[in-house]
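Descriptive structure summary
Spelled out from the first residue to the last, the chains are:
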Amino acid sequence: MKSHARVVVIGGGVVGASVLYHLTKAGWKDVLLIERAELTSGSTWHAAGGMHTVNGDPNVAKLQQYTIKLYQEIERISGQSCGVHITGGIMLAGTPARVDWLKMAQARGRYLGMDLELISVDEAAKLFPLMEKKHFLGAMYDPIEGHVDPYGVTHAYAKSAQIGGAEIVRQTRVSDLAQRPDGTWDVITERGNVHAEHVVNAAGLWAREVGRMVGLELPVLAMEHQYLITGDMPQLVGKKEQMHCIDFEGEIYVRQERGGMLMGTYERAGVPWSESTTPWDFGQDLLPNDLERIAPSLEVGFEHFPALGPAGIKKVVNGPFTFAPDGNPLIGPVKGLKNFWVACGVMAGFSQGGGVGLSLAHWMVDGDPGADVWAMDVARYGDWATLAYTNAKVRENYSRRFSIRFPNEELPAARPLRTTPVYEKLQAEHAVFGDYCGFEHPLWFAPSAAEATDIVSWRRSNAHAHVAAECRAVHETAGLLEISNYGKFEVRGPGAAEWLSRVMANRIPKIGKIVLTPMLNDRGKLIGDFTICRVSEEHFFLIGTYAAEQFYLRWFERSLPPSGVTVRPCAVEYVGLSVAGPNSRALLQDLVREDLSTAAFPFMSFRRVDVGMVPTYMGRVSFTGELGYEMWVTTDYQRALYDLLQKAGREYGLKSFGGRALNSLRIEKSFGTWAREYRPIYGPYEAGLGRFVDLQKPDFIGRTAALDERARGGELRLLTFTVAATDADALGDEPIWHDGKAVGWVTSGAYGFRVGQSLALGYVPAGLAAAESGFEIEIIGERRKAVPQKAAPVDPQGLLMRT
Ligand SMILES: Cc1cc2nc3c(=O)[nH]c(=O)nc-3n(C[C@H](O)[C@H](O)[C@H](O)COP(=O)(O)OP(=O)(O)OC[C@H]3O[C@@H](n4cnc5c(N)ncnc54)[C@H](O)[C@@H]3O)c2cc1C
């Protein structure tokens, strides 16, 4: 084994092998993979090898398409067969809600270039004669589903990597990792040490153990998963290979395996495996079968696919594989650990392994994953994703693998976990809470405890009328919103202003002022949107998205000078309440000594203000687009502030409102938000944030690319549409049609109560930015007329906020 390598990849499962291949493809040849046993000695070995392109996140779906196309390439390079069987696949719907889900999945596939087709039950039965028609209402056909040979795929990646210059060492366990002061790593193995610039944790079932070698607790848990293979079936003799089939309501997947059928299930009562540590002596082993546990699903399976029963069970496989709490992979660099990368939690290695390898290799070689990998970024989890939290969420996710998640559905596991001091007070107001990074936050308020529940639906729900009343109050009198779940950072030091000016695209505010700013990466793409509040010469607050806290901190650490600036996350230390609406000033004026008039405390001001006895940082700003104020206090003061505002608010028609109303209000103002309108695939001019990019500044990250985007105009444009919707509004990810072609996609949608219109925000090609007609947005299979708006539907000049 060599003693030095540019990269050591730990783990020779499908993911590690893919990372290795993609590193060589990206030009890094001095790369070494170290495998504890033989290649595939983790979950890869006993996988069913199924692959498909459909994924809830369109960006992950694109990487799945990439993975499936890649098999030809690695077969060609390596000469190793991947055992690819492209059989096509059908997804069966057993309920009307599932039929709607299929319609939406098909619609999303349109702008991803996927060829998905909705078909009738009769058509489905022609394609997949083993199904019993009476259990189903409809189906979707995907021509590029199928299965591969896990051994073949892993070895094809590995051989291709070796041909590209990589080395692979087997039967060698990495037992520890030690970082040198210069950020390089000593990879300690049973057969000597390797000095490496970079280390990749692709240890699959042992990802937690390898993480712990560097003090990292990765939110990953393995679940037992069982599938069975039937005896040979006469129905299959002399026929074309059967398709892949997912029976969502039956919670069953089936495909042909030689002369029989393979049937697997994600059972409700799933069982985790090795909950806190994975034994090192587990290898190409199987777990004992527990058919009883999956018996309810098997019964359904044999009813829905009756020919399988008489064939008998030839073999049962029970093997563990890992999941992150939301079921998506965990990839990327890790904050605070220079040159340490992860590629783990990959639960669908044969659909996602290629995309994971590609993105990680680009990230390592070019400093950027080259695609929008937010949904897979390890930085989406913070310290709150503990082992026990992960355990609860992974079990839930596993048991719901084939369940519909409705847009207004909040999942119950691991809740309530993080609550703010006013939680019980909001409960007493019949708040319906949502879960955001483990935080409970109010979504809407019901008139009574009995009504405080979401009835899940694709369409406007039981909350609609109550959200309408909340929006009305914000527009006509005043609304009170808890805003604790925003991300917050305190930036201090003599170099703070200079550093912020380099990291953020807009100018830095004067003392007592607020500035909104995008944050760009080197390619000039949006990687954040912030409110910068300046307290004093050397003291700033940054307010942004809490879910991206780790992501931001990781980015900041790249450019922070060794001294002169400190950045401290303080989201949990400062909780917040906001008052918005025409009466908000009068209400607050009764409680504070400062003059809150526009002349004295104009829009975008920020100061220390005592509200009654409560010391706050107060900003005159509101995401609602109304006159409004945000108040930040340390947690010990939040109850007092809440009581004070509620009491004073009685006279002013103050009503609590929640996240659903806020979403509607911000869309009416064409205000975008992180992870919806603002993502690393968009530039600031495309996203309509050009006015917040200060090109007069001589130097900031992404400036050159931003200049270029401005000159060329970018490729996309974010537009606001009114939509001729009936009982269902756009949610996000629906296709936008123009003159009969799917040209773009919706990023957010809601009913706008102030304008009495259904609204959507979405991207279209820049060439269509000026088109005034011809647009449609597809909502649950119906194309609805959509009219682009020249300006925000509510208060386009922003007078409400400013006066
Ligand atoms: C029953 C079953 C059915 C499945 N069906 C499918 C399916 O149909 N389709 C699909 O896409 N996915 C399926 N999967 C999931 C799939 O197997 C995983 O997504 C995939 O195997 C993950 O690969 P990996 O490389 O991340 O991890 P692993 O396969 O676990 O590989 C990790 C490797 O790292 C090595 N390693 C760990 N620690 C060290 C160390 N310290 N030093 C050196 N080496 C180390 C291990 O020996 C192992 O070889 C299934 C899984 C199971 C169990």
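Up top is the structure.
These lines cover the structure that appears in this document, whether it is placed above or below. These numbers come from a predicted model, not from an experiment.

Each value, and the rule that gives it
- Throughout, residues of each chain are indexed from 1 in the direction in which the sequence is written.
- For a predicted model such as this one, the threshold for reporting local features is a pLDDT of at least 70, and the threshold for listing and counting side-chain atom pairs is 80 or more; totals across whole chains, interfaces and linings nevertheless cover every residue.
- Side-chain metrics in this entry use all non-hydrogen atoms of the structure; hydrogen atoms and water are not considered.
- Under the DSSP-based scheme used, a helix requires at least four consecutive residues in state H or I and a strand at least two consecutive residues in state E, with every element numbered from the N terminus.
- We compute the radius of gyration over the C-alpha atoms and compare it with the globule rule, which gives 2.2 Å times the number of residues raised to the power 0.38.
- Only protein chains enter the accessibility calculation, which uses a 1.4 Å probe; a residue whose area is less than 20% of its type maximum is buried, one above 50% is exposed, and one in between is partly exposed.
- The contact criterion used is simple: two residues touch if any of their non-hydrogen atoms lie within 4.5 Å.
- Here the accessible surface of atoms and residues is derived via Shrake-Rupley with a 1.4 Å probe, and residues count as covered only by protein chains that are part of the display.
- For this document, the term salt bridge refers to a Lys or Arg side-chain nitrogen within 4 Å of an Asp or Glu carboxyl oxygen.
- Put simply, two rings from Phe, Tyr or Trp (the six-membered ring, in Trp's case) pair if the centres are within 6.5 Å, and we call them stacked under 30 degrees between planes, edge-to-face over 60, tilted for the rest.

Digging into the overall build of the chain
Looking only at helices and strands, the chain features 19 helices and 39 strands. Its C-alpha radius of gyration of 27 Å places the chain within 12% of the 28 Å reference for a compact globule of 803 residues. Based on the C-alpha atoms only, the size of the chain along its principal axes is roughly 80 × 65 × 50 Å. Looking at the 803 residues of the chain, the share that counts as buried comes to 62%. The long-range fraction of contacts in the chain, counting pairs at least 24 apart against all pairs at least 6 apart in sequence, stands at 72%. Carbon and sulfur atoms make up 51% of the accessible area of the chain, which amounts to about 29600 Å² in all.

Thoughts on the pattern of salt bridges
In total, this model carries 48 salt bridges according to the counting rule given. In this structure, Lys133 and Asp122 form a salt bridge, with 2.8 Å as the shortest nitrogen-oxygen distance. On the criterion of sequence distance, the pair formed by Lys133 in the loop between α4 (121–127) and β7 (138–142) and Asp122 in helix α4 is long-range, its members being 11 residues apart. The exposure class of Asp122 is partly exposed, given its relative accessible area of 46%. Arg395 is the partner of Glu275 in a salt bridge, and the nearest nitrogen-oxygen pair spans 3.5 Å. Of the two residues, Glu275 is situated in the loop between β17 (272–273) and α7 (291–304) and Arg395 in helix α10 (residues 387–399); the sequence distance between them amounts to 120 residues.

Considering unusual backbone geometry
In this structure, the amide linkage connecting Arg415 to the following residue, Pro416, adopts the cis form with an omega of -10°. Residue position: Pro416 is located in the loop between α10 and α11 (423–428). Positive phi, normally seen in glycine, also occurs at Cys437, with a value near 55°. Note that Cys437 resides in the loop between β21 (431–436) and β22 (439–445).

Notes on the packing of aromatic side chains
In this description, an aromatic ring pair is defined by two values, namely the gap between the centres and the angle between the planes. According to the stated counting rule, one finds 43 aromatic pairs in the structure shown. Plain terms: the ring middles of Phe530 and Phe556 are 6.2 Å apart, the flat faces sit at 40° to each other, and that makes the pair tilted. Separated by 26 residues along the polypeptide, Phe530 in strand β26 (residues 526–536) and Phe556 in helix α14 (residues 549–559) bring together distant segments of the chain. In this structure Phe556 comes out as buried when scored by relative accessible area, which is 1%. Between Phe606 and Tyr617 the ring centres are 5.7 Å apart and the planes differ by 0°, which places this aromatic pair in the stacked class. Pair noted here: Phe606 is in strand β30 (residues 606–611) and Tyr617 is in strand β31 (residues 614–619), with a separation of 11 residues, a long-range link. Each member of the pair, Phe606 together with Tyr617, is buried.

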